[in-house]
Amino acid sequence: MSSSPPMVLAFAASDPTGGAGLQADLLTLASLGCHPLSVLTGLTAQDTRGVESLLAIEPAWVERQARRVIEDIPVAAFKLGVLGAARNAQVIAAILAEHPRTPVVLDPVLASGRGDALADADTIQVLRDALLPCTTVLTPNSLETRRLAGAAPDADLPECARALASLGCKYVLVTGTHEAGAEVVNTLYDARGVVREDRWRRLPGSYHGSGCTLASALAAMLARGLEVPEAAQAAQAYTWKTLEAGFQPGHGQYLPDRFFESK
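Below is a summary of the structure that appears in this document.

Overview of the overall build of the protein chain
A count of helical and extended segments in the protein chain gives eight helices and nine strands. For the protein chain, the C-alpha radius of gyration of 17 Å lies close to 18 Å, the compact-globule estimate for 263 residues. Each of the three principal axes of the protein chain carries a C-alpha extent, and together these read 45 × 45 × 35 Å. Every one of the 263 residues in the protein chain was classed for burial, and the buried ones make up 52%. Sequence separation of 24 or more characterises 65% of the internal contacts of the protein chain that already satisfy a separation of 6 or more. Counting only carbon and sulfur atoms, one obtains 52% of the accessible surface of the protein chain, whose full area is about 11900 Å². Positive and negative side-chain charges in the protein chain, numbering 22 and 28 respectively, have mean positions lying 2 Å apart.

With respect to the layout of surface pockets
Considered as a void within the structure, the largest pocket measures approximately 1100 Å³ in volume. Taken together, 50 residues form the lining of the largest pocket, with Asn141, His178, Tyr207, Ser210 and Gly211 sitting closest to its centre. Counting residues per element, the ones that place at least two in the lining of the largest pocket are β1 (7-14), β2 (35-47), α5 (142-148), β8 (183-190), β9 (193-201), α7 (210-223) and α8 (228-244). With five residues, α7 is the single largest residue contributor to the lining of the largest pocket. For the lining of the largest pocket, the per-class residue count stands at 20 nonpolar, 23 polar and seven charged. What the second largest pocket holds in volume is close to 180 Å³. Along the walls of the second largest pocket sit 16 residues, with Pro100, Thr102, Pro103, Thr136 and Lys170 positioned nearest its centre. Here the residues of the lining of the second largest pocket are counted per class, giving ten nonpolar, four polar and two charged.

Concerning the nonpolar core
If you look at the biggest cluster of nonpolar residues, it comprises 39 residues, and the most contacted ones within it are Phe11, Phe78, Leu80 and Leu131. The leading source of residues in this core is helix α3 (residues 86-97), at seven residues. Look past the residues within four positions of Leu80 in its chain and what remains in contact with it is Phe11, Ile92, Leu96, Val104, Val105, Leu106, Asp107 and Leu131. In this structure, Leu29, Leu32, Ala219 and Ala220 belong to the second largest nonpolar core, which totals 24 residues.

Observations concerning the sheet that holds strand β7 (residues 171-174)
With mixed pairing, nine strands are arranged side by side in an open sheet as β3-β2-β1-β4-β5-β6-β7-β8-β9. Looking along the sheet, the strands with just one partner apiece sit at the ends: β3 (50-56) and β9. One ladder, built from eight bridges, connects β1 with β2; its direction is parallel. Looking across to β2, one finds that Val8 is bridged to Pro36. Sitting on the sheet, helix α2 (residues 59-72) touches β1, β2 and β4 (77-80), and the angle it makes with β2 is about 160°.

Here we look at empty space enclosed by the protein
The full count for this structure, using the stated rule, is one cavity of 30 Å³ or more. By volume, the largest cavity is sized at about 70 Å³. Among the residues forming the lining of the largest cavity, the class breakdown is eight nonpolar, three polar and one charged.

Brief notes about the packing of aromatic side chains
In total, this model carries three aromatic pairs according to the counting rule given. One residue, Arg64, lies across the ring of Trp61, its end atom 4.8 Å from the ring centre.

Observations regarding the environment of Glu52
As for its position among the elements, Glu52 is in strand β3. Spatially, the C-alpha atom of Glu52 lies 32 Å from that of Tyr171, the residues being 119 residues apart in sequence. Not counting chain neighbours up to four residues away, the residues in contact with Glu52 comprise Ala45 and Gln46.

The rules behind these values
- Residues numbered from 1 in each chain as written.
- Predicted model: local features only at pLDDT ≥ 70, side-chain atom pairs only at ≥ 80, totals over all residues.
- Heavy atoms only, no water.
- Helix = DSSP H or I, 4+ residues; strand = E, 2+ residues; numbered from the N terminus.
- Rg over C-alpha atoms; globule rule 2.2 N^0.38 Å.
- Buried < 20%, exposed > 50% of the residue type's maximum accessible area, 1.4 Å probe, protein only.
- Contact = heavy atoms within 4.5 Å.
- Areas by Shrake-Rupley, 256 points an atom, 1.4 Å probe, with all protein chains shown as cover.
- Lys, Arg positive; Asp, Glu negative; His and termini not counted.
- Charge placed at Lys NZ, Arg CZ, Asp CG, Glu CD.
- 1 Å grid on protein atoms, 1.4 Å probe; cavity = no way out; pocket = protein on both sides within 12 Å on 5 of 7 lines; lining within 4 Å.
- Points joined across faces, edges and corners; volume = space filled by probe spheres on them.
- Nonpolar A, V, L, I, M, F, W, Y, C, P; charged D, E, K, R; others polar.
- Core = buried A, V, L, I, M, F, W, Y, C linked by side-chain atoms within 4.5 Å.
- Pairing = 2+ DSSP bridges.
- Axes fitted to C-alpha atoms, helices over the stretch in contact; angles between N-to-C directions.
- Phe/Tyr/Trp six-rings, centres within 6.5 Å; stacked < 30°, edge-to-face > 60°.
- Lys NZ or Arg CZ within 6 Å of the ring centre and 35° of its normal.

Keep in mind these values describe shape, not function.
Right, here's the structure in full:
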């Protein structure tokens, strides 16, 4: 029998479009040679235009799903997306604390691309207090970076990133999609400052699931043994190519094509 591919466990809510959420995680991880494991944290009613509603899975069910899988299968990396509720975040933080050597990529999905709220104040507080200390790489966009840091909408991003690193996460990869400019500038920070900066040509259109794709790709690269700076660059390159090959199946945003290389 052949050896198993790296196993990556994704905690996320479902997205019926397959553009974001748990489905995006599964597609991305599989396309990068990892086997995706999954824990469903919530159900959403949404389309490519936005999120109508979110139904959180009961915390006991989140814990039951995760522990059942982890007790059976060795996990090479964890990826966290929409967690559904503060109590879910607490359960997940407790589980991650039991596996301090396993890389954790946290995508703090606070709102949809349209601005629909996906995390309330209590969930954000648990994220800051309990999840960040367990996190290897946090992957917020610039809006999320400032909000998580408790800063003003125009606050200095390097200062906000350092503030988040001081809460316990080892690295913060701030994506610049929401900032002005012909290029998208993504910057990786640690507690000392800038580790690397990558610039990407800004693509036309609006994309659903780009953040999920980046975070899952980063988890895949870490599971495959890359160090964080190299994993961050490789994940960005993969994500940019999925967006360049993106398609518009509905009336809203484009979806990334995670299997662009197979065409």
